[in-house]
Amino acid sequence: MNLSLSLLHALKAHGARELFGLPGDFVLPFFQQLEQSQVLPLYTLSHEPGVGFAADAAARFQGGGLGVAVVTYGAGALNMVNAVASSYAEKVPMVVISGAPAAHERRNGFLLHHQTRTLDSQLAIFREITCDQVVLNNAETAPADIARVLRNCQMQSRPVYIELPRDMVAVPCEPVPRLPAPAHDMEALHACVQELLARLARARNPVLLVGIEIRRFGVEDKVARLAKLLRVPVATTIMGRGLLADTDAPLLGTYLGVAGDPAITQAVEESDALLMLGVLVSDTNFGVSERKIDMRRGILALDGQVSMGYHVYPDISLEALLDGLLESAQSLAPQAPEHKTARYPHELKADGERIEPMDIARAVNDLMARHGRMPIVSDIGDCFFTALDIENTALLAPGYYATMGYGVPAGLGLQASSGERPIILVGDGAFQMTGWELGNCQRYGWDPIVIVFNNCGWEMLRTFQPTACYNDLSDWHFADAAPALGGDGYRAETREQLQQALQQALATRGKFQLIEAMLPRGALSATLARFVDGVRRLQSQ
Ligand SMILES: Cc1ncc(Cc2c([C@H](C)O)sc(CCOP(=O)(O)OP(=O)(O)O)c2C)c(N)n1
Ligand SMILES: [Mg+2]
């Protein structure tokens, strides 16, 4: 077996289902191995940010899987830094594989093409946005190095970086072993579980708040079982929107502080034992809290440790904690909390009125009510806040790192990896960045339904700078461009046209469907408007 095959089989054994990539001369030998070996399917996209976002989405959607992005050295890998930084921030297990110069090229005395300051600058840059790195320049140590890096990728649920010199791809190499997860200190785990349950039992209103790690580590079902066993209400963070959608957990809905349902805000912020599982303590999750949440009174299981009060229990994985709690937990209430199913807007009035963001939420909710839930992939902009008014279904969005450009390539990554047809929500500004990746659908038969929120502007920025003219964009007529890229385009000026376009798009398979929903300048979703008011109010205090 050669080094490439050892690496590819290891990726597959660790949960990778496919590779996303964009070749270049430093990685061509590896691409040749990929194509010849067929160990994993390879999908190429048109720009490295899209490659990174697609790999991110494949990893996110498959809770517990791995996303893999394969790029060339320098211009390729450095072009993907923002996407990898987003995966790091949002705890996504992605493997970055970059081609690199061969050993003899490093010694020939020339400055090499694609090189920046030094030949090791790229490795230094990726050290900042990955949890482990390896340069595969030694076939003897490669199996153990790859095993370590892939285990860290999964254990920490963060990206890792593998640099592959082009003269190493065909070197004989042993298979990569599968390292076991580190053993737990069972006494410490028992003490942690007992203290945690005692805190919940003493509390008047314990509440469970769940975040992204419960999807990353594939433990949503265990969380749902725990919530039912304990009989405590559950809310998700804004980043955790869509979690538990396929379970019967007593879900209150999404906690949005001043911008959300007051009953959920009150339950979370007044809880005297807030159990936070896999929750990032970020400004997007807690920045608009009505009342400041005293994290010391809470219990936080995140990043492989559990903290409560002034106690920290290190080296306790989320799954080990849940297994321990499920073994010992008793119900904390005489009966299950009322499973207040959150109400989402439905019944779009399909008339000649102009479209507002909430109309898009209604139209999508009506479509899912009739035809079943579909995964939603959202970019950043008001489309993300509108997504919060869509039924609780799988939602992929960089809600914390908040990079634009995610929506379209991530939707392609989701469909490539899972075969499911996504609905992609994207603003006109973000579509200008990576929307053109839709041109790759025809090669692979992908057929997402894309709704472009076309308000001809950077509307979210206008909420911060209402008088600025630089937020005004021109009308790009995206729907007209769709056929040239191999899809169908619909320009919807009214609510009736929006409904008709969605029905037609749903009925058409085998090519992407782009619905350009024309929104008036200044039209904001109610959720974004409440967020902006909340932030302003909190900042004025
Ligand atoms: C890659 C990138 N560049 C810039 C930004 C800043 C930014 C926003 C966030 C605040 O950082 S929201 C926004 C405008 C988005 O415009 P559009 O996609 O049309 O959506 P909408 O009109 O609904 O706002 C920008 C430029 C960003 N988040 N990501
Ligand atoms: Mg816009």
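No experiment lies behind these values; they were computed from the predicted model shown.

Attention now moves to the pairing of strand β11 (residues 299–302). Every second residue of β11 is oriented toward a common face, with Ile-299 and Ala-301 on one face and Leu-300 and Leu-302 on the other, all of them buried. Where strand β10 (residues 273–277) meets β11, 3 bridges bridge the pair, whose relative direction is parallel. Bridging from a neighbouring strand, Met-276 pairs with Leu-300 of β11. Bridging between β11 and strand β12 (residues 305–308) involves 4 bridges; their strand directions are antiparallel.

Close to ligand 1 lie 16 residues, the nearest being Asp-382, Ala-402, Asp-428, Gly-429 and Met-460. Between ligand 1 and the protein, one listed contact pairs a nitrogen atom with a backbone N or O atom of Met-404 at 3.0 Å. The separation between an oxygen atom of ligand 1 and a polar side-chain atom of Asp-428 is 2.8 Å. Compared with its free state, where it exposes 630 Å², ligand 1 has 78% of that area covered by protein. Among the elements of the structure, α17 (428–434) and α19 (459–464) are those that each provide at least two residues to the shell around ligand 1. When residues of the shell around ligand 1 are assigned to their parent elements, the largest contribution, 4 residues, is made by α17.

Moving on, we come to the UniProt feature "domain: Thiamine pyrophosphate enzyme central" (unreviewed entry) in the protein. Under the UniProt annotation, "domain: Thiamine pyrophosphate enzyme central" (unreviewed entry) lies at residues 193–293. Structurally, residues 193–293 comprises 37% helix and 17% strand, and the distance from its first C-alpha atom to its last is 23 Å.

Moving on: the pattern of salt bridges. Where side chains of opposite charge bring their charged atoms close, a pairing between them can arise. If you walk through the whole model with that rule in mind, you get 29 salt bridges. A salt bridge links Arg-158 to Asp-303, with the shortest nitrogen-to-oxygen separation between them at 3.5 Å. Pair noted here: Arg-158 is in the loop between α7 (142–156) and β6 (160–165) and Asp-303 is in the loop between β11 and β12, with a separation of 145 residues, a long-range link. Each of Lys-91, Arg-158, Glu-213 and Asp-303 takes part in one network of salt bridges that share partners.

Moving on to the domain arrangement of the protein. Under the domain assignment used here, the protein contains domain 1 (3–165), domain 2 (186–329) and domain 3 (357–532). Distance between the C-alpha centres of domain 1 and domain 3: 29 Å. Listed per partner, the contact involves 23 residues of domain 1 and 27 residues of domain 3. Summed over both partners, the interface of domain 1 with domain 3 buries about 2,000 Å², with 61% contributed by carbon and sulfur atoms. Between domain 1 and domain 3 we count 0 salt bridges in total. Where domain 1 meets domain 3, there are 16 residue pairs in polar contact (both at pLDDT 80 or more). Elements represented by at least two residues in the side of domain 1 that touches domain 3 include exactly β2 (42–44), α3 (48–61) and α4 (81–89). Take the side of domain 1 that touches domain 3: its biggest share by element is 8 residues, from α3.

This part covers the coordination of the magnesium ion (ligand 2). In this structure, Asp-428 (OD), Asn-455 (OD1) and Gly-457 (O) serve as the protein donors to the magnesium ion (ligand 2), at separations of 2.1 Å. In primary-sequence terms, the residues that donate to the magnesium ion (ligand 2) follow D-x26-N-x1-G. One end of the pair, Asp-428, is in helix α17; the other, Asn-455, is in the loop between β17 (449–454) and α19, with 27 residues separating them in the sequence. Note on Asn-455: relative accessible area 7%, which makes it buried.

With that settled, the discussion passes to empty space enclosed by the protein. Applying the stated criterion across every chain, the model contains 4 cavities of 30 Å³ or more. Each pocket or cavity is described by its volume, and for the largest cavity that value is around 140 Å³. Taken together, 15 residues make up the lining of the largest cavity; nearest its centre are Arg-216, Met-239, Arg-241, Leu-243 and Leu-395. Looking at side-chain class alone, the lining of the largest cavity contains 7 nonpolar, 3 polar and 5 charged residues.

So, about the sheet that holds strand β14 (residues 376–378). Strands sit in the order β15-β14-β16-β17-β19-β18 across an open sheet of 6 strands; the sheet is parallel. The outermost strands of the open sheet, each flanked by one partner alone, are β15 (395–396) and β18 (488–492). With 5 bridges connecting them, β18 and strand β19 (residues 513–518) associate as parallel partners. When the sheet's bridge partners are listed, Gly-489 is paired in β19 with Leu-514. Helix α14 (residues 357–371) rests against β14, β16 (423–427), β17 and β19 of the sheet, and its axis sits at about 165 degrees to β17.

Each value, and the rule that gives it
Residues numbered from 1 in each chain as written. Chains lettered and ligands numbered in written order. Predicted model: local features only at pLDDT ≥ 70, side-chain atom pairs only at ≥ 80, totals over all residues. Heavy atoms only, no water. Buried < 20%, exposed > 50% of the residue type's maximum accessible area, 1.4 Å probe, protein only. Helix = DSSP H or I, 4+ residues; strand = E, 2+ residues; numbered from the N terminus. Pairing = 2+ DSSP bridges. Near = heavy atom within 4 Å. Polar contact = N/O pair within 3.5 Å; in protein donor to acceptor, adjacent residues only side chain to side chain. Areas by Shrake-Rupley, 256 points an atom, 1.4 Å probe, with all protein chains shown as cover. UniProt positions renumbered as here; feature names shortened; annotations may be inferred. Salt bridge = Lys/Arg side-chain N within 4 Å of Asp/Glu carboxyl O. Domains from an automatic or database assignment. Contact = heavy atoms within 4.5 Å. Buried area = accessible area lost by both parts, 1.4 Å probe. Donors = N, O, S within 2.8 Å, 3.2 Å for Na, K, Ca; no water. 1 Å grid on protein atoms, 1.4 Å probe; cavity = no way out; pocket = protein on both sides within 12 Å on 5 of 7 lines; lining within 4 Å. Points joined across faces, edges and corners; volume = space filled by probe spheres on them. Nonpolar A, V, L, I, M, F, W, Y, C, P; charged D, E, K, R; others polar. Axes fitted to C-alpha atoms, helices over the stretch in contact; angles between N-to-C directions.

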